[in-house]
Amino acid sequence: MNGLQIPFTGLKQQYHNLRQEILDATDEVLRSGQLMNGNHTAEFENWLARRNGVKYAVTLHSGTAGLECLAEYYATDSAIVPPRVLIPTVTYPATANAFQRAGWDIHFVDVDAYGVIDYRKIPDVSYHAVVAVGLYGHSVMHVSEIKVWRMMLSGNMTLIEDAAQHWLAADCQRIGSAAISFDPMKNLPAYGNGGAVVTNDSDLLHFARAWRDNGKTTHSATGTNSRMSEIDCALMRVKTRYLDQWQRRRREIATYWMQRFHGHGLRCLITRDNMQDHAIHKFVIDVEQRDILSRNLGLRGIETRVHYAQPLHEIGTFRQHPGPDILSIGSALCRRVLSLPIYPELTDLQVEYVADQVLDCVNS
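Criteria and thresholds
Residues numbered from 1 in each chain as written. Predicted model: local features only at pLDDT ≥ 70, side-chain atom pairs only at ≥ 80, totals over all residues. Heavy atoms only, no water. Pairing = 2+ DSSP bridges. Helix = DSSP H or I, 4+ residues; strand = E, 2+ residues; numbered from the N terminus. Axes fitted to C-alpha atoms, helices over the stretch in contact; angles between N-to-C directions. Contact = heavy atoms within 4.5 Å. Buried < 20%, exposed > 50% of the residue type's maximum accessible area, 1.4 Å probe, protein only. Parallel < 35°, antiparallel > 145°, perpendicular 65-115°, else oblique. Left-handed = near helix turned anticlockwise from the far one by under 90°. Nonpolar A, V, L, I, M, F, W, Y, C, P; charged D, E, K, R; others polar. 1 Å grid on protein atoms, 1.4 Å probe; cavity = no way out; pocket = protein on both sides within 12 Å on 5 of 7 lines; lining within 4 Å. Points joined across faces, edges and corners; volume = space filled by probe spheres on them.

Enquirer: Quick rundown of the sheet that holds strand 3 (residues 105-109)? Include the residues and the values.
Expert: As summarised here, the arrangement of the seven strands in space is 1-7-6-5-4-2-3, forming an open sheet in which the pairing is mixed. At either margin of the open sheet sits one strand with a lone partner, and together these are strand 1 (56-60) and strand 3. Taken pair by pair, the neighbouring strands of this sheet meet at an average axis angle of 20 degrees, ignoring direction. Along the sheet, helix 3 (residues 63-75) contacts strand 1, strand 5 (158-162), strand 6 (177-181) and strand 7 (195-199); its crossing angle with strand 6, the most-contacted strand, is approximately 160 degrees. Along the sheet face, helix 6 (residues 202-211) touches strand 1, strand 6 and strand 7 and points at about 20 degrees away from the line of strand 1.

Here's what the structure looks like:
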């Protein structure tokens, strides 16, 4: 098995598997001459709304654009200027960037051992909004905690979900509006950027539709150019036919690795307890000497990545905002986590090889 190359994504193999369907869908759109805001966009948005258990979905250029749209929309109904938002410190910078660009007062909060916001650590301070990030695909709105969140939100605090990684969690319930992503790294990947806002709020529906199209049609508020094209949406509709199959395969791989790694000096962030509520976006392990393990796996042909190397309260412009100290769980977690390649196109032989090499490196 020496020299086996296992890249971090299976995008090339996925395209090979779907190539003719992708080309046919592209050709159909180009022949129609309807390149924006056509039937494929409408049908894909209808599918997204149903899949998320909400009334409305609006496609946008990216998941980041979805967050920016939500940040601007909810800033307008705050009695406090600037509005104050609480964001978990372990997330991609785009989460905080969206609110910083919209003029919010950002406060960071620590996470639990799985990288998800720990509501028990939320300070006793008035916030206009809290952003729930389902890191790695871990559901933050599963049934067991829904009552806790409803109690928290009863004090006029708005829940905004950064659901880029967890929107496919099986037991996830939307009690707020959410931004989702179709980045090529995601479970339902676009060929480039793509995202959406999903909501039950009809006012947000109209705001988002205008916002993505430079304020059209009334231009009563400012907007931007943030649409997914008809080709993008047509290709996503092709992929939705396979999504459940892909999710089952991700679950099979995660289950096998959980069993193989049990009791071997590393911790899987997907467990028997949270598997049912997990979108299986990333398979992340918590391990000592993470960088050495990553380097050794690379020498054995296995590409790994780190999500994320530092919590937001320790980097760049975000250091100016209130948040946890350097002894936070988030700080410790970021120094130990390693993401293994997990995607439906992995063969059984490759899945077994990854497990063998991880255990050999950890136990040697």
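Next comes the rest of the description.
Enquirer: Residues and numbers for the pairing of strand 1, please.
Expert: With four of five residues buried, strand 1 lies mostly within the body of the structure. Pairing of strand 1 with strand 7, which is carried by five bridges, proceeds in the antiparallel orientation. Within the sheet, the bridge partner assigned to A57 lies in strand 7 and is V198.

Enquirer: Residue-level account of the packing of helix 9 (residues 290-299) against helix 11 (residues 348-363), with values.
Expert: Packing of helix 9 against helix 11 leaves a shortest axis separation of 10 Å and a crossing angle of 130 degrees. By the angle class used here, helix 9 and helix 11 are oblique. Here the hand of the crossing between helix 9 and helix 11 comes out right-handed. Contacts between helix 9 and helix 11 involve L293, N296 and L297 from the first element and Q357, V358, C361 and V362 from the second. Of the residues in the contact of helix 9 with helix 11, the class split is five nonpolar, two polar and no charged.

Enquirer: Explain empty space enclosed by the protein residue by residue, including any values.
Expert: Rolled over the atoms, a probe as big as a water molecule pinpoints where empty space is left. Applying the stated criterion across every chain yields a total of two cavities of 30 Å³ or more. Roughly 180 Å³ of volume is contained in the largest cavity. The class makeup of the residues in the lining of the largest cavity is nine nonpolar, five polar and four charged. By volume, the second largest cavity is sized at about 30 Å³. Forming the boundary of the second largest cavity are Y114, L135, Y136, H138, L269, I270, H278, K282 and V284. Here the residues of the lining of the second largest cavity are counted per class, giving six nonpolar, two polar and one charged.

Enquirer: Break down the layout of surface pockets for me, with residues and values.
Expert: Roughly 480 Å³ of volume is contained in the largest pocket. Lining the largest pocket are 27 residues; nearest its centre among them are Y92, A164, S181, D183 and K186. If you list the elements that add at least two residues to the lining of the largest pocket, you get helix 3, helix 4 (93-101) and strand 6. Here the residues of the lining of the largest pocket are counted per class, giving 11 nonpolar, 11 polar and five charged.

Enquirer: Quick rundown of the packing of helix 2 (residues 39-52) against helix 7 (residues 230-240)? Include the residues and the values.
Expert: Taken N-terminus to C-terminus, the directions of helix 2 and helix 7 make an angle of 45 degrees; their axes are 8 Å apart at the nearest point. Here helix 2 lies oblique to helix 7, going by the angle between them. Relative to helix 7, helix 2 is oriented so that their crossing is left-handed. Facing N39, H40, T41, E43, F44 and W47 of helix 2, the residues of helix 7 in contact are E230, C233, A234, M236, R237 and T240. Counted by class, the contact of helix 2 with helix 7 contains five nonpolar, four polar and three charged residues.

Enquirer: Break down unusual backbone geometry for me, with residues and values.
Expert: Trans is the common state for peptide bonds, and a negative phi is the common state for residues other than glycine. Backbone torsion omega between K216 and T217 reads 5 degrees, so that peptide bond is classified as cis. Examined against the element boundaries, T217 turns out to sit in the loop between helix 6 and helix 7. For the peptide bond that leads from H307 to Y308, omega is 10 degrees, which places it in the cis range. With respect to the secondary-structure elements, Y308 resides in the loop between helix 9 and helix 10 (329-334).

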